[in-house]
Amino acid sequence: MKFEDVRKVGCLGGGVMGGGIAQVFAAAGYDVVVRDISDEAIAKTRSAIEDGKWGLKRAVERGKLGFDDAVAAMARIAYTTELAPLADCDIIIEAIPENLELKQRVFQELDGLVKPEAIFATNTSGFCIQDVARDVSEARKERFIGMHFSNPVSVMRMCEVVWTPQNSEEVIATVRRLAEAAGKEVSMVKDTPGTYGFILNRVFAAAAREARAIVEAGIATKEDVDKAMITGRNWPSGFFGGRGGIGREW
């Protein structure tokens, strides 16, 4: 599958990540199909894409997207609770919960449904890509890759493209260009069995461990650790809740 042949993107899972991925590809001009498990989940995803804090209407209000472009992007997105509408997608990007067995099971089912030349990508934040691809056919493993986006997808510029030894050069190049077409800055990462996380999460987790060690040793308070990182390194938030924090204490 070459970059110029990709016309339709399937998002497996809506929610915060899947909806964000669908939004950026629709805004980039791709037809998108979002699949989730219930009508309620689909309704929430659609509302977030169209009306949410980081959605298309807010992008227009912030001057990041033209009104006509936002309307066109909304029209490019189809929603479904079935797997069948994903069959003719050129790439499937999975963003379901971080449960390895669940990912393996769904990808195995999709492997027999989606056209053979389509690319499979997982948005996992840490599982080995080859482990996620365990139960798909050998032919599909050549076209099975990682695309790790950062939340909120429509705002954060990062995408880690995580390639495996089975990937062809064409697939790697196609996925990189797709991420760039969606407005992302790409970091290339080699898939490594036996580790958890790629660049972003591994580096952050190491820093978070050291921050906790500083606090536990009585060297500085949580507040001062956060203040140091925010004011000294220009981090948008700290480890322990400073300036809104990261949602939880590391």
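The rules we used
- Residues numbered from 1 in each chain as written.
- Predicted model: local features only at pLDDT ≥ 70, side-chain atom pairs only at ≥ 80, totals over all residues.
- Heavy atoms only, no water.
- UniProt positions renumbered as here; feature names shortened; annotations may be inferred.
- Helix = DSSP H or I, 4+ residues; strand = E, 2+ residues; numbered from the N terminus.
- Contact = heavy atoms within 4.5 Å.
- Polar contact = N/O pair within 3.5 Å; in protein donor to acceptor, adjacent residues only side chain to side chain.
- Pairing = 2+ DSSP bridges.
- Axes fitted to C-alpha atoms, helices over the stretch in contact; angles between N-to-C directions.
- Core = buried A, V, L, I, M, F, W, Y, C linked by side-chain atoms within 4.5 Å.
- Buried < 20%, exposed > 50% of the residue type's maximum accessible area, 1.4 Å probe, protein only.
- Patch = residues over 30% accessible without salt bridge, like charges linked within 9 Å, V, L, I, M, F, W, Y side chains within 5 Å.
- Areas by Shrake-Rupley, 256 points an atom, 1.4 Å probe, with all protein chains shown as cover.
- Salt bridge = Lys/Arg side-chain N within 4 Å of Asp/Glu carboxyl O.
- Lys, Arg positive; Asp, Glu negative; His and termini not counted.
- Charge placed at Lys NZ, Arg CZ, Asp CG, Glu CD.

Visitor: I keep staring at the UniProt feature "site: Important for catalytic activity" (unreviewed entry) in the chain and nothing clicks. Help me out?
Guide: Under the local residue numbering, the UniProt record ascribes the feature "site: Important for catalytic activity" (unreviewed entry) to His-148. Mapped onto the elements, His-148 comes out in strand 6 (residues 144-149). For His-148, the contacting residues outside a window of four places in its chain are Thr-122, Asn-123, Thr-124, Ser-125, Met-158, Cys-159, Glu-160, Phe-198, Leu-200 and Asn-201. At 2.6 Å, the side chain of His-148 and the side chain of Glu-160 are in polar contact.

Visitor: What should I look at first to understand the sheet that holds strand 6 in this one?
Guide: For sheets, the rule is that strands pair by backbone hydrogen bonds, running either parallel or antiparallel. On the basis of which strands lie adjacent, the open sheet formed by 8 strands has the order 3-2-1-4-5-6-7-8 and mixed pairing. Unpaired on one side and paired on the other, strand 3 (77-80) and strand 8 (185-190) mark the two borders of the sheet. Strand-to-strand twist in this sheet, taken as the mean axis angle between neighbours without regard to direction, amounts to 25°. Pairing geometry for strand 5 (residues 119-122) and strand 6, over 3 bridges, is parallel. The residue of strand 6 that forms the bridge with Phe-120 is Phe-144. Together, strand 2 (31-35) and strand 3 form the strand contacts of helix 2 (residues 39-51), whose direction differs from that of strand 3 by roughly 160°.

Visitor: Even after reading the chapter, I still don't get the UniProt feature "domain: 3-hydroxyacyl-CoA dehydrogenase NAD binding" (unreviewed entry) in the chain, so can you show me in this structure?
Guide: In the UniProt entry, the feature "domain: 3-hydroxyacyl-CoA dehydrogenase NAD binding" (unreviewed entry) is given for residues 8-191. What you have in residues 8-191 is 40% helix and 22% strand, and the ends, taken at the C-alpha atoms, are 26 Å apart.

Visitor: When you look at the nonpolar core in this model, what are you seeing that I'm missing?
Guide: Soluble globular proteins tend to pack their nonpolar side chains together in the buried interior. Phe-25, Val-32, Ile-91, Ile-93, Met-147 and Phe-149 are the most contacted members of the largest nonpolar core, which totals 40 residues. In terms of residues, this core owes the most to one element, helix 1 (residues 15-27), which gives 6 residues. With 22 residues, the next largest nonpolar core counts Val-33, Ile-129, Val-132 and Val-189 among its residues.

Visitor: Help me understand a negative patch on the surface in this model?
Guide: A cluster of like negative charges, contributed by Glu-4, Asp-5, Glu-142 and Glu-170, occupies part of the molecular surface. Relative to the helices and strands, Glu-170 is located in helix 8 (residues 169-181). Relative accessible area serves as the criterion here: at 36%, Glu-170 is assigned to the partly exposed category.

Visitor: For this particular structure, what's the right way to read the environment of Gly-112?
Guide: Among the secondary structure elements, Gly-112 is positioned in the loop between helix 5 (100-111) and strand 5. Along the chain, Gly-112 and Ser-137 lie 25 residues apart, while their C-alpha atoms are 8.9 Å from each other.

Visitor: Just to check I follow, could you spell out the pattern of salt bridges for this structure?
Guide: Pairs can form between side chains of opposite charge once their charged atoms are near each other. Tallied over the entire structure, the rule returns 13 salt bridges. In this structure, Glu-61 engages Arg-58 in a salt bridge whose closest nitrogen and oxygen atoms are separated by 3.4 Å. Here Glu-61 pairs with Arg-58, and both are found in helix 3 (residues 56-61), just 3 residues apart, close to one helical turn. When its relative accessible area of 62% is taken as the criterion, Glu-61 is described as exposed.

Visitor: Before we go on, may I ask you to explain the environment of Pro-193 in this structure?
Guide: For Pro-193, the location among the structural elements is in the loop between strand 8 and helix 9 (199-216). In sequence terms Pro-193 and Leu-178 are 15 residues apart; their C-alpha atoms lie 25 Å from each other. Residues within four places of Pro-193 in sequence aside, it is in contact with Cys-128 and Gln-130.

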